[in-house]
Amino acid sequence: MARICGSIGAKSVDGLRSQIRKAFTLGADYIEIRFDFLKTSDIEHAIRIAESTKAKAIFTLRSAREGGKFKGTENERVELLEKLSMARPMLLDVEYRTIKNNNYLADFLTSQQTPILISWHDFKCTPPKNRLLDVLNGMKIYSNYAKIVTTARETHDALRVLDLYEGVTGLELIAFAMGEFGVISRILCTMIGNAPFTYTSVSSNTAPGQLDLSRMRRLFDRINSICYSRPNAK
């Protein structure tokens, strides 16, 4: 059955608490907490709020370069990533560029045995498949959880991202495309691609083309009901 991760971009700790509750009420299997939407001074408080749900949570602190909201320095962000890792979430999202360029962070996360989701984004286009495969092969060094997200300028781009699932073994891959033309890949990545989950918004979009959680839940429930209601072949 397809699983859904509700992405939360709350701007206050009260909003975070409310959106966590809302996400699970609407049927999310997991949540992503975008700590970069919060004030840096609120992050420790937010970690405490997330304590009871961290076993089903992805912690993310996205830099502006990677399409996020964090406004501090890269050294400050790395220190906060270390702090998030010590909170022991289900997964800690770390950008491929970040960990590749920071051996100390890579060693620290290894020593902490932190479960990592290595992510890579292209906010301009969808590169050729060979380029995406090269990126994916580099990501495998750090974790067996990998996330590749591109931007679809046409429907073919979304289909090319889904092609990454062909021949993938020993890797929990989440691959889809952003934007209007990428919406179909957000749905199909869990169905034909066997992604462990797909992302949706909870209260407001945290990425272009993101569907809201309630709509995605209804869609998946409808698909499941059709599949399971078919009579057995005779």
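Whatever comes next refers back to the structure up there.
The following refers to the structure shown. (Residues numbered from 1 in each chain as written. Predicted model: local features only at pLDDT ≥ 70, side-chain atom pairs only at ≥ 80, totals over all residues. Heavy atoms only, no water.)

A short note on the side chain of histidine 121
Moving on, step 1. Within the element layout of this structure, histidine 121 appears in strand 5 (residues 116-121).
Moving on, step 2. Ignoring sequence-local partners within four residues, the contact set of histidine 121 consists of Arg62, Glu66, Arg97, Lys147 and Val149. (Helix = DSSP H or I, 4+ residues; strand = E, 2+ residues; numbered from the N terminus. Contact = heavy atoms within 4.5 Å.)

Some words on the side chain of threonine 60
Moving on, step 1. Checked against the element boundaries, threonine 60 lands in strand 3 (residues 57-60).
Moving on, step 2. At a separation of 2.9 Å, a polar atom in the side chain of threonine 60 contacts the side chain of glutamate 32.
Moving on, step 3. Apart from residues lying up to four places away in sequence, threonine 60 is in contact with Glu32, Ile33, Arg34, Phe35, Asp36 and Asp93. (Polar contact = N/O pair within 3.5 Å; in protein donor to acceptor, adjacent residues only side chain to side chain.)

Brief notes about unusual backbone geometry
Note: most residues except glycine have negative phi, and most peptide bonds are trans.
Moving on, step 1. Despite not being glycine, glutamine 113 has its phi angle at roughly 55 degrees, a positive value.
Moving on, step 2. Mapped onto the fold, glutamine 113 is located in the loop between helix 5 (103-111) and strand 5.
Moving on, step 3. In this structure, asparagine 194 is a non-glycine residue whose phi angle is positive, near 60 degrees.
Moving on, step 4. Following the sequence through the fold, asparagine 194 ends up in the loop between helix 8 (183-188) and strand 8 (198-201).

Focus: the nonpolar core
Moving on, step 1. Ranked by internal contacts, the top residues of the largest apolar core, which has 74 residues, are Phe35 and Phe59.
Moving on, step 2. Here this core takes six residues from strand 7 (residues 172-178), the largest share from any one element.
Moving on, step 3. Setting aside its immediate chain neighbours within four residues, phenylalanine 35 contacts Ile43, Ala46, Ile47, Phe59, Thr60, Leu61 and Leu84. (Core = buried A, V, L, I, M, F, W, Y, C linked by side-chain atoms within 4.5 Å. Buried < 20%, exposed > 50% of the residue type's maximum accessible area, 1.4 Å probe, protein only.)

A look at helix 5
Moving on, step 1. Listed as buried for helix 5 are Leu105, Ala106, Phe108 and Leu109. With its buried residues spanning 165 degrees around the axis, helix 5 presents them on a single face. Residues of helix 5 that are exposed and angled more than 90 degrees away from the buried face: Asn103, Tyr104, Asp107, Thr110 and Ser111.
Moving on, step 2. Close packing links the buried residues of helix 5 with helix 3 (74-86), strand 4 (91-95), helix 4 (96-100) and strand 5. (Arc of directions from axis to C-beta.)

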